[in-house]
Amino acid sequence: MEAAEVIWRRDPSALSLDDVYSMAKSLGSELQSLTEQYGPESVAGVVPQVVRVLELLESFAATGRERSCPEQELLIRAVQSMGREERQAPDLEQKLLEAQKKEHDLQNKLSNLTEENQKLLGQLAESKSQGECAAREERDLMLKLKVVVDRQRDEIRSLTRENHQRNKDTEALQEQLNRVMNVNEDLRRKVAVVNAQLKSSLQRKTELEILLQEKQKEVDSLNHKLFASQSVPDKNMNRADCKSQENNVHEESKSCQMCFTKEDVKQIVQERNELKTNLFLVNEELKYYQRELLNDERIPTLLLCGIKSAIRKQKKKIKAKMLGIVESPTSRFGTWYGKPTADPGPWEMISSKEINMIKKEGADDNA
Amino acid sequence: MSVLPPVRRDRIVADLPQCFKKEACLHTRDSFHSKVTSACKQQRTGTVGFRISKVIVVGDLSVGKTCMINRFCKDVFDKNYKATIGVDFEMERFEILGVPFSLQLWDTAGQERFKCIASTYYRGAQAIIVTFDLSNISSLEHTKQWLQDALKENDPSSVLLFLVGSKKDLISPSQYALMEQDAIKVAKEMQAEYWSVSSLTGENVKEFFFRVASLTFEASVLAELEKTNARKIGEVVRINSNDRNLYQSSKKNKQKCCQ
């Protein structure tokens, strides 16, 4: 209640809005107590008037603060003049001045602070924006990196796939290579075989050619012989003439007598066989005598002659057998053209009688 | 008492050489016929004489007939081909079961143009060696024709047949196996004994000719024994004919008995 009393005693110039509200409050409470005591009709006429007064007071207090500066100075001067006169409140004036000064300082400080605050706010905003910028950059970077990584991953995948494919291709190629190598080897072997065959056939060809040449020579020589024999009867003829004639005939007949006839070859072969047979028999006989010499057996001359004769006889038989012909004492032509009529058979039995006969013959010869 | 000196030591045969393939051979006995061995022991084959068997070798040109004979008789091999003109022969002397025996190997020309000359030498052969080239199937196919030609001049019932595949060294064992099947089939058809040889390496050449010599010898001795025994057998037959009459009459009697 003391504070309320202070308010009621306050100087009108120092009256603030809060003071007015507290006055209204106390008046309200006073009016409340009156209504409680005497009913609401008792204060009905007073309340709108009081409210009006309080409103006025409120507006006064509100406007009074704005107008206060020049009015305050005037008031201060009036107070100072009054103060000189009355000297009742010097301390208050001084305090007021001090407070005004303080207020001024504080207002200055406030403005400084607000300025600073503004600055700081600006800085904050700046730093904030800067941070945002960095984050965005980072995100951008991340996105870029992600793109790069994705691309690289795809690349790696495609490369692995490609690699796989390549490996498969390589294997297939390797297989093919092996196949080709096998084929190659086969072909080489075949070529070698063919080469060998070619070589041998070439060799055969040269041999045949040589044989042909030899034959040709033989034919030539035979032709020569033929003409020589033809020219023998004409002994009266001049030798030179004969020769020239022979040459002419030779040249003429050369074209028509290039080859042996079948009979010629037969004859040659037969002659060869006969000679070979003789050679064989002579060889064997030689061996026989060699053996006798080596054994150093003394054979009586009688027996030796018998043996010789036997050998002669046997030789004839063996020869006939070997040549498959009938024994014939006639000339070779007889054996050549005479057909082998009797088969001599594989066996030849010479009886003891025959041996005795041979021995006898030998003895006769010796005698 | 022989004109001929003893044979070389490596031409002496004491046991029968064995066949090459049991599927295609003339006979599978592992020793000489008992009649032959006993005849040779008793020297019944003749005291003096020159036993000679004619063997002809036929086959396509350049199958290696001459090479085979040269390998056996001279133990040489000439790589160069030299065509045989008409016909040629080699003598080879053996001693079989102590009996001297000669093989006259007639080497005929395979070339068609010499065939007319060569064929005149086919006559009177005791053995025919039909040769083919193991590396040339067509030469095997021609063997039948060669045999047919050779048999025209000979008695098919008494002549011994041999089918020989040559140049064995030229083919691989697998090729050979195939070829052998065909050859054995052909050999069976012609009732010949099958052999395969290589004149280059000498494989089976000696064995083959020893077999030829032995079988020819055996056949000759058997034929000779039959001939000499024929007269005696004739007498025996005469007696037998009487026996048969008796038997027949007794048979009749028997029949009567039964009735």
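Residues numbered from 1 in each chain as written. Chains lettered and ligands numbered in written order. Predicted model: local features only at pLDDT ≥ 70, side-chain atom pairs only at ≥ 80, totals over all residues. Heavy atoms only, no water.

Chemist: Describe the overall build of chain A, naming the residues involved and giving the relevant values.
Modeler: Tallying secondary structure elements over chain A gives 10 helices and zero strands in all. In sequence order, the secondary structure elements of chain A are arranged as α-α-α-α-α-α-α-α-α-α. Burial status across chain A gives 17% buried among its 367 residues. Within chain A, counting contacts between residues at least 6 apart in sequence, those at least 24 apart form 63% of the total. Surface exposure of chain A reaches about 29400 Å², of which carbon and sulfur atoms provide 57%. (Helix = DSSP H or I, 4+ residues; strand = E, 2+ residues; numbered from the N terminus. Buried < 20%, exposed > 50% of the residue type's maximum accessible area, 1.4 Å probe, protein only. Contact = heavy atoms within 4.5 Å. Areas by Shrake-Rupley, 256 points an atom, 1.4 Å probe, with all protein chains shown as cover.)

Chemist: Help me get a handle on the overall build of chain B, residues and values and all.
Modeler: Each helix and strand counted, chain B has seven helices and seven strands in total. Element order for chain B, N to C, with α for helix and β for strand: β-α-β-α-β-β-α-β-α-α-β-α-β-α. Considering chain B as a whole, with its 259 residues, one finds that 51% of them fall into the buried category. For chain B, the proportion of contacts with a sequence separation of at least 24, taken over those separated by at least 6, is 76%. Accessible area for chain B stands at about 12900 Å²; split by element, carbon and sulfur atoms hold 51% of it.

Chemist: Please set out helix H1 (residues 34-41) of chain B residue by residue, giving values where relevant.
Modeler: All names here are of chain B. Every buried residue belonging to H1 is among Val36, Ala39 and Cys40, and all of these are buried. Buried residues in H1, looked at end-on, bunch into an arc of 95°, giving them a common side. For H1, the exposed residues lying more than 90 degrees away from the buried face are Ser34 and Lys41. (Arc of directions from axis to C-beta.)

Chemist: Residues and numbers for the confidence of the model for chain A, please.
Modeler: Parts of the model with low pLDDT should not have their predicted coordinates read in detail. Residue and element names in this part refer to chain A. Summary statistics for chain A give a mean pLDDT of 77 and a share of 72% for residues scoring 70 or more. The secondary-structure element of chain A with the lowest mean pLDDT is helix H9 (residues 332-337), recorded at 36, while helix H5 (residues 90-231) shows the highest, at 91. The low-confidence segment residues 232-246, where pLDDT is below 50, has six contacts with residues more than four positions distant or belonging to other chains. Here residues 328-352 is modelled with pLDDT under 50, and outside its nearest four sequence neighbours on either side it reaches 47 contacts, counting other chains as well. (pLDDT = per-residue confidence, 0-100.)

Chemist: Before we move on, can you summarise the sheet that holds strand S2 (residues 52-59) of chain B with the specific residues and values?
Modeler: Across a sheet, strands are paired by hydrogen bonds formed along the backbone, either parallel or antiparallel in direction. One open sheet accounts for seven strands, arranged S1-S3-S4-S2-S5-S6-S7 (chain B); its pairing is mixed. In this open sheet, the two edge strands, each paired with only one partner strand, are strand S1 (12-13) and strand S7 (193-196) of chain B. Both S1(B) and strand S3 (residues 87-96) of chain B contribute to a ladder of two bridges, which runs parallel. Directly across from Val13(B), in S3(B), lies its bridge partner Ile96(B). Its contacts with the sheet place helix H7 (residues 262-295) of chain A against S3 and strand S4 (99-108) of chain B, and it is angled at close to 25° to S3(B). Seen against the sheet, helix H2 (residues 65-74) of chain B touches S2, S3, S4, strand S5 (127-133) and strand S6 (160-166) of chain B and runs at an angle of roughly 155° to S4(B). (Pairing = 2+ DSSP bridges. Axes fitted to C-alpha atoms, helices over the stretch in contact; angles between N-to-C directions.)

Chemist: Report on the pattern of salt bridges, specifying residues and quantitative values.
Modeler: Across all of its chains, the model carries 26 salt bridges over all chains by this definition. Here Arg272(A) and Asp88(B) are joined by a salt bridge, their closest N and O atoms 4.0 Å apart. One end of the pair, Arg272(A), is in helix H7; the other, Asp88(B), is in strand S3, on a second chain. You can call Asp88(B) buried: its relative accessible area is 18%. Of the charged contacts in the structure, one is a salt bridge between Glu218(B) and Arg29(B), with a shortest N-O distance of 3.7 Å. (Salt bridge = Lys/Arg side-chain N within 4 Å of Asp/Glu carboxyl O.)

Chemist: Give a detailed account of the pairing of S7(B), specifying residues and quantitative values.
Modeler: All names here are of chain B. On S7, burial covers both faces: Glu193 and Trp195 on one face and Tyr194 and Ser196 on the other are all buried. Bridge count between S6 and S7: four bridges; the pairing is parallel. The partner of Val164 across the bridge, within S7, is Trp195. A crossover links S6 with its parallel partner S7, the connecting element being helix H6 (residues 173-189), and its sense is right-handed. (Right-handed = clockwise from strand over helix to strand, strands pointing away.)

Chemist: Hey, could you go over the packing of aromatic side chains for me, with residue numbers and the actual values?
Modeler: Residues and elements named next belong to chain B. Overall, the coordinates contain 12 aromatic pairs over all chains when judged by the stated rule. When the centroid spacing of 6.1 Å and the interplanar angle of 20° are considered together, the rings of Phe72 and Phe94 count as stacked. Of this pair, Phe72 sits in helix H2 while Phe94 sits in strand S3, and the two are 22 residues apart along the sequence. Judged by relative accessible area, which is 4%, Phe72 ranks as buried. (Phe/Tyr/Trp six-rings, centres within 6.5 Å; stacked < 30°, edge-to-face > 60°.)

Chemist: Before we move on, can you summarise H2(B) with the specific residues and values?
Modeler: All names here are of chain B. Of all 10 residues that make up H2, seven are buried, and the element is covered over most of its length. Among the residues of H2, those classed as buried are Lys65, Met68, Ile69, Asn70, Arg71, Phe72 and Cys73. Once H2 ends, the next one or two residues include Asp75, with phi positive near 55°.

Chemist: Break down a nonpolar patch on the surface for me, citing the residues and quoting the values.
Modeler: On the surface, a nonpolar cluster with roughly 320 Å² of combined accessible area is contributed by Leu141(A), Met142(A) and Leu145(A). Within the secondary structure, Leu145(A) sits in helix H5. (Patch = residues over 30% accessible without salt bridge, like charges linked within 9 Å, V, L, I, M, F, W, Y side chains within 5 Å.)

Chemist: An account of the pairing of S2(B) is needed here, citing residue identities and associated values.
Modeler: The side chains of a regular strand alternate between both faces of the sheet. Residues and elements named next belong to chain B. The buried fraction of S2 amounts to eight of the eight residues, a majority that puts the element mostly inside the structure. The side-chain alternation of S2 yields two buried faces, one formed by Ile52, Lys54, Ile56 and Val58 and the other by Ser53, Val55, Val57 and Gly59. Taken together, the six bridges between S2 and S4 define a ladder with parallel strand orientation. Looking at the pairing, Ser53 lines up with Leu103 of S4. Of the pairings in the sheet, the one linking S2 to S5 comprises five bridges and is parallel in character. Counted as the bridge partner of Val57 is Ile129 from S5.

Chemist: Mind laying out the environment of Ser157(B), listing which residues take part and the relevant values?
Modeler: All names here are of chain B. Residue position: Ser157 is located in the loop between helix H5 (143-152) and S6. Residue classification places Ser157 among the exposed positions, given a relative accessible area of 66%. Side chain to side chain, Ser157 and Asp155 meet in a polar contact 2.9 Å long. (Polar contact = N/O pair within 3.5 Å; in protein donor to acceptor, adjacent residues only side chain to side chain.)

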